[in-house]
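# Coordinate analysis (summary)
These are the residues of each chain, in order.
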Amino acid sequence: MSAVNILKFGTSSPADTSPLEELEKAGYSGSQILAVIGKTEGNGCVNDFSRTLAAAVWEPLIPKDAITIFSGGTEGVLSPHVTFIVREPEGVHTGLVAAVTRTREFEPHEIGTVIQGVEVAKETEAILKAPSSIFKELSLVLVKCPLLTTSKIEAITAQQGQPITHDTYQSMAFSRYASAVGIEAAHRGAAGDIPGRATALESLSEEKSHIWSAHASCSSGAELEDCHILALGTSARLGEKIRAISSVMADAIDARPVLDALERIRREGGEVVQVFAKAEADPKGAIRGMRHTMSTDSDIHGTRHARAAVGGLIAGLTGDTQIYVSGGAEGQGPPGGGSLCIVYRVP
């Protein structure tokens with residue numbers, strides 16, 4: 001568990017590592033990086049190799065115990081960028097604390113299943129319950145998780161196994177949901193709600209489940225076989241210069257949580273550093289009773305529509321397009337909505 005700072009810089013391509021130079025100008029070295037979180041300009045779908053390229057160029061430049069989380073898709077006004085979570089030197093307190101971890105690598109038949117949820121829960125709960133944990137309040141758990149490719153599905157069926165789905169795009173949703181439920185289970189377990197923890201994980205075996213976490217933000221990709229996990233929170237014991245507000249958006253046009261957070265930040269004399277938001281096409285096919293066509297567009301996947309819509313909303317309210325908006329919010333906030341976390345700095 002480390003006291004951290006958060007800085008972000010724009011990128012010219014998924015292979016652009018020049019933000020490392022900007023980070024060093026800001027007084028930090030690459031050895032202090034805990035996580036690199038990026039938005040890359042691919043399609044955000046199964047074949048989004050912009051994530052793979054970004055991970056490939058960044059991972060050799062960061063400490064071995066650090067992680068990368070790259071979310072594809074910068075539709076609309078969203079700007080490609082990277083966000084650094086950097087460890088502060090011993091004795092420097094910011095109020096923002098973070099820890100990272102990884103699960104073991106998953107076999108193809110485990111992706112999107114209760115097994116993945118259990119592993120994410122185990123690793124996340126270990127962070128939250130660690131003796132060194134100094135969380136006053138958990139703000140966000142970011143996860144990068146694997147997906148099923150055609151070759152993985154073929155490997156499963158060749159061994160007479162059964163994949164969670166034969167649809168590679170749908171596997172992204174199953175993986176995100178398993179990770180989100182794992183986060184919710186960990187949160188309940190860390191709070192001492194052992195029956196609630198078990199109920200959450202058991203729901204992954206049910207045909208229909210409505211478990212969701214207000215703190216989860218999960219993104220699927222083909223660039224990894226394990227889950228990369230970042231837990232971010234606040235600690236009054238370690239200063240209060242950087243703070244976080246967590247909430248949920250009820251739907252893709254729910255501006256109220258953002259406006260409420262911005263008003264609080266204004267009252268405290270603060271400045272927004274970064275926004276982390278999830279977005280999804282409402283599975284009911286309607287928003288506030290009005291039909292939407294995000295899920296029935298044969299040309300553009302619904303996750304892309306949702307990212308553009310929510311990204312435009314939040315960018316318009318904050319005046320910042322370098323924000324982290326990730327599509328596909330299964331279990332990450334209420335159905336059709338999504339989790340929201342705004343990190344800000346006060347004088």
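Conventions adopted
The residue numbering used here restarts from 1 in each chain and proceeds along that chain's sequence as written. Reporting of local features is limited, given that this is a predicted model, to residues whose pLDDT is at least 70; pairs of side-chain atoms are given and counted only at 80 or more, and all residues count toward the totals for whole chains, interfaces and linings. Remark: hydrogens and water are excluded; side-chain values derive from all non-hydrogen atoms of the structure. UniProt positions are given in the numbering used here, feature names are shortened, and annotations may be inferred rather than shown by experiment. Geometry of aromatic contacts follows a simple scheme: Phe, Tyr and Trp rings, the Trp one being its six-membered ring, pair when their centres are within 6.5 Å, and the pair is stacked under 30 degrees between planes, edge-to-face over 60, tilted otherwise. Under the DSSP-based scheme used, a helix requires at least four consecutive residues in state H or I and a strand at least two consecutive residues in state E, with every element numbered from the N terminus. Burial classes follow relative accessibility: with a 1.4 Å probe on protein chains only, a residue under 20% of its type's maximum area counts as buried, one over 50% as exposed, and anything between as partly exposed. Should any heavy atoms of two residues lie within 4.5 Å, those residues are counted as being in contact. Think of it this way: DSSP has to see at least two bridges between two strands before they count as a pair. Counted as salt bridges are all cases of a side-chain nitrogen of Lys or Arg within 4 Å of a carboxyl oxygen of Asp or Glu. For our purposes a nonpolar core is just a set of buried Ala, Val, Leu, Ile, Met, Phe, Trp, Tyr and Cys residues, chained together by side-chain atoms within 4.5 Å.

In the annotation of an unreviewed UniProt entry, the entry for the protein reads Cyanuric acid amidohydrolase, and the organism field reads Coniochaeta hoffmannii. You can read under Catalytic activity (unreviewed entry) in the UniProt record for the protein the words "cyanurate + H2O = 1-carboxybiuret + H(+)".

Within the structure shown, the criterion is met by three aromatic pairs. Between Trp-58 and Phe-84, the aromatic rings sit 5.5 Å apart at their centres with planes inclined by 70°, giving edge-to-face as the arrangement. A residue pair is termed long-range when its members are at least 10 positions apart, and Trp-58 in helix α2 (residues 49-58) and Phe-84 in strand β4 (residues 81-87) qualify at 26 residues. Judged by centre distance (5.7 Å) and plane angle (55°), the ring pair of Phe-276 and Tyr-324 falls under tilted. Residue Phe-276 is found in strand β10 (residues 271-279), and its partner Tyr-324 is found in strand β13 (residues 324-327); the two are separated by 48 residues along the sequence. Grouping residues by exposure puts Phe-276 and Tyr-324 together as buried. Grouped by ring-pair contacts, the aromatic residues Phe-9, Trp-58 and Phe-84 constitute a single cluster.

Along the chain, the position of Leu-340 falls in strand β14 (residues 338-345). Assessed through its relative accessible area of 3%, Leu-340 is described here as buried. With 124 residues separating them along the chain, Leu-340 and Ala-216 place their C-alpha atoms 9.0 Å apart. If sequence neighbours within four positions are ignored, Leu-340 has contacts with Ile-245, Ser-246, Ser-247, Val-248, Met-249, Pro-257, Val-258, Val-275, Phe-276, Ala-277 and Ile-314.

Within the secondary structure, Glu-125 sits in helix α3 (residues 114-129). For Glu-125, a relative accessible area of 9% corresponds to the buried category. Measuring from C-alpha to C-alpha, the distance between Glu-125 and Gly-189 comes to 6.9 Å, with 64 residues separating the pair along the chain. Among all residues touching Glu-125, those that are not within four sequence positions of it are Ala-186, Gly-189, Ala-190 and Arg-197.

Before going further, it helps to spend a moment on the pairing of strand β5 (residues 96-102). Burial analysis of β5 places six of its seven residues in the buried class, which makes it a mostly covered element. In the sheet, strand β1 (residues 2-10) pairs with β5 via two bridges, with the strands oriented antiparallel. Bridged to Ala-3 within β5 is Val-97. Across seven bridges, the pairing between β5 and strand β8 (residues 228-234) is antiparallel. Bridging across to β8, Leu-96 finds its partner in Thr-234.

Take the pattern of salt bridges next. The full count for this structure, using the stated rule, is 23 salt bridges. Between Lys-25 and Glu-22 there is a salt bridge whose closest N-O contact spans 3.5 Å. Of this pair, Lys-25 and Glu-22 both sit in helix α1 (residues 19-25), three residues apart, which is roughly one turn of the helix. Residue Lys-25 is classed as exposed on the basis of its relative accessible area of 66%. Residue class for Glu-22 comes out partly exposed when judged on its relative accessible area of 33%. One salt bridge connects Glu-75 with Arg-307, and the closest N-O pair in it is separated by 2.8 Å. Pair noted here: Glu-75 is in the loop between β3 (67-72) and β4 and Arg-307 is in helix α8 (residues 302-318), with a separation of 232 residues, a long-range link. One network of salt bridges, in which partners are shared, links Arg-104, Glu-110, Glu-119 and Lys-122.

With that settled, consider the nonpolar core. By size, the foremost hydrophobic cluster in this structure holds 24 residues, and its most contacted members are Val-310, Ile-314, Ile-323, Val-325, Leu-340 and Ile-342. Breaking this core down by element, the ones donating at least two residues are β9 (242-249), α7 (256-267), β10, α8 and β14. With sequence-adjacent residues up to four places away left out, Val-310 is seen in contact with Met-249, Ala-252, Lys-278, Ala-279 and Val-325. Core analysis: the second largest hydrophobic core is formed by 22 residues, Ile-67, Val-100, Leu-140 and Ala-244 among them.

In this section: the UniProt feature "binding site: Mg(2+)" (unreviewed entry) in the protein. UniProt feature "binding site: Mg(2+)" (unreviewed entry): in the numbering of this structure it lies at Glu-280, Ala-329, Gln-332, Gly-333, Pro-334 and Gly-337. These annotated residues cover 58 residues of sequence, but their C-alpha atoms sit close together, with the largest distance between any two at 10.1 Å. Relative to the assigned elements, Gly-333 resides in the loop between β13 and β14. In contact with Gly-333, not counting residues within four places along its chain, are Trp-212, Ser-213, Val-248, Gly-338 and Ser-339. Mapped onto the elements, Gly-337 comes out in the loop between β13 and β14. A relative accessible area of 3% places Gly-337 in the buried class.

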